[in-house]
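Here's the letter readout for the chains.
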Amino acid sequence: MPIINDIPAFHAFLTTNPNSRILALCGAGLSAASGLPTFRGAGGLWRNHDATRLATPEAFRADPGLVWLFYAYRRHMALEAKPNPAHHALAALARQRRKFLCLTQNVDNLSQRAGHPPSQLRTLHGNLFTLKCFNRRCSHVEHNNTADPLVPSLAPASVTTPADATRPLPLVDADVPLVHIPASELPRCPQCASLLRPGVVWFGEQLDGALLGEIYEWLDEGPISVIFVVGTGAQVWPAAGYVQEAAARGARVCVVNTEVAEETLGPEDFGFVGDAAVLLPRLLE
Ligand SMILES: CC(C)NC(=O)[C@H](Cc1c[nH]c2ccccc12)NC(=O)[C@H](CCCC/N=C(/NCCC(=O)O)S[C@H]1O[C@H](COP(=O)(O)OP(=O)(O)OC[C@H]2O[C@@H](n3cnc4c(N)ncnc43)[C@H](O)[C@@H]2O)[C@@H](O)[C@H]1O)NC(=O)OCc1ccccc1
Ligand SMILES: [Zn+2]
């Protein structure tokens, strides 16, 4: 049986391994307490569109206006959100322990805004605030975490309070038809005038090869004492594979999630059921 909800046992384990190497794999649940919907939760469906289907190059090619409104909405939500105590606890751990590497699947920039040292954070799936040219032959990349909206045509995505409190925001209200945005009014590349796209990794797209290489180098530098699996269903690959990669290098798994599947954990592993924003600060105090 894994060790469930036993903070003193976890503290004892952490103190007996003061200089050990620690890995973390984080997902949408890490940012849930910041008010951002998870994929499995409310965020899974956007205007009756399956979010994972919108997060594809095919969807962008078919209707760049729709996909841009989807990302502009998430970008606006992320701008309005604040890092929560879980983001801050992981950032503090990174400052205390040089041998801690945090892998996040989140694109919301909240770990960065919590001051997580960039050298100890890897954004596996990119960032909502990075823009890239959609033209594969153009290398234009830019970062913009201020403009909101990014362009006037995306202004509907920057509305937070619905005019009529009894109705959902028009943008997420599937009953309210979406304004069609001509591609000419969407973010354009200053170098080649092609469409710009969100700097995230879409389904069916490879993750950044150099990034994957760096992570394997870190994994192979020596034994790992524990991998925190925070607020993720670990269903998306190759990110989900890091749990096994760490366990294969001796790491105990420490799941922090509102739902813990005990049957997936070994007798040495830890499970903590609850909100990451409450549990992580206590686990890492
Ligand atoms: C759906 C899945 C089966 N599909 C994949 O994995 C695919 C295909 C695939 C590749 N290999 C495979 C092997 C097997 C099966 C399928 C595949 N992978 C890919 O396409 C990857 C690219 C994957 C990256 C996609 N981009 C994202 N994000 C960016 C965009 C965007 O965000 O819009 S993925 C995105 O979804 C995932 C969501 O998962 P979670 O973060 O875990 O969130 P979720 O909502 O699911 O769960 C929340 C959890 O939190 C918990 N929770 C909730 N509240 C709290 C709380 N308060 N506290 C704590 N916990 C909480 C809940 O209980 C729950 O457990 C994250 O990874 C997130 O980044 N690319 C690729 O493989 O390229 C190579 C290739 C290329 C060509 C051809 C072949 C191969
Ligand atoms: Zn370009």
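Naming follows an unreviewed UniProt entry, where the protein appears as NAD-dependent deacetylase sirtuin-5 of Sodiomyces alkalinus. We quote the UniProt Sequence similarities (unreviewed entry) comment for the protein here in full: "Belongs to the sirtuin family. Class I subfamily."

Draft legend 1. Just the coordination of the zinc ion (ligand 2), in detail. For the zinc ion (ligand 2), the full set of protein donor atoms is Cys 133 (SG), Cys 138 (SG), Cys 189 (SG) and Cys 192 (SG), at a range of 2.3 Å. Around the zinc ion (ligand 2), the four donor atoms are arranged such that angles at the metal cover 96 to 117°; this shape is classified as tetrahedral. All donor residues of the zinc ion (ligand 2) come from one chain, and their arrangement in sequence is C-x4-C-x50-C-x2-C. Note on Cys 192: relative accessible area 31%, which makes it partly exposed.

Draft legend 2. Representation of the UniProt feature "active site" (unreviewed entry) in the protein in the model. The UniProt entry lists His 125 under the feature "active site" (unreviewed entry), expressed in the numbering used here. Tracing the backbone through its elements, the reader meets His 125 in the loop between strand E6 (121-123) and strand E7 (126-133). Filtering out sequence-adjacent residues up to four positions away, His 125 remains in contact with Thr 104, Gln 105, Val 107, Gly 199, Val 200, Val 201, Leu 207, Val 236 and Ala 239.

Draft legend 3. Layout of the sheet that holds strand E9 (residues 196-200). Read from one edge of the open sheet, three strands run E8-E7-E9, paired in antiparallel fashion. Looking along the sheet, the strands with just one partner apiece sit at the ends: strand E8 (141-143) and E9. Along the sheet, successive strands turn relative to each other by an average axial angle of 35°, direction set aside. Alignment of E7 against E9, held across four bridges, turns out to be antiparallel. Within E9, the residue paired with Lys 132 across the bridge is Arg 197.

Here is what the cut-offs are and how they apply
Residues numbered from 1 in each chain as written. Chains lettered and ligands numbered in written order. Predicted model: local features only at pLDDT ≥ 70, side-chain atom pairs only at ≥ 80, totals over all residues. Heavy atoms only, no water. UniProt positions renumbered as here; feature names shortened; annotations may be inferred. Donors = N, O, S within 2.8 Å, 3.2 Å for Na, K, Ca; no water. Tetrahedral: all angles 85-135°; square planar, octahedral: opposite > 155°, others 65-115°. Buried < 20%, exposed > 50% of the residue type's maximum accessible area, 1.4 Å probe, protein only. Helix = DSSP H or I, 4+ residues; strand = E, 2+ residues; numbered from the N terminus. Contact = heavy atoms within 4.5 Å. Pairing = 2+ DSSP bridges. Axes fitted to C-alpha atoms, helices over the stretch in contact; angles between N-to-C directions.

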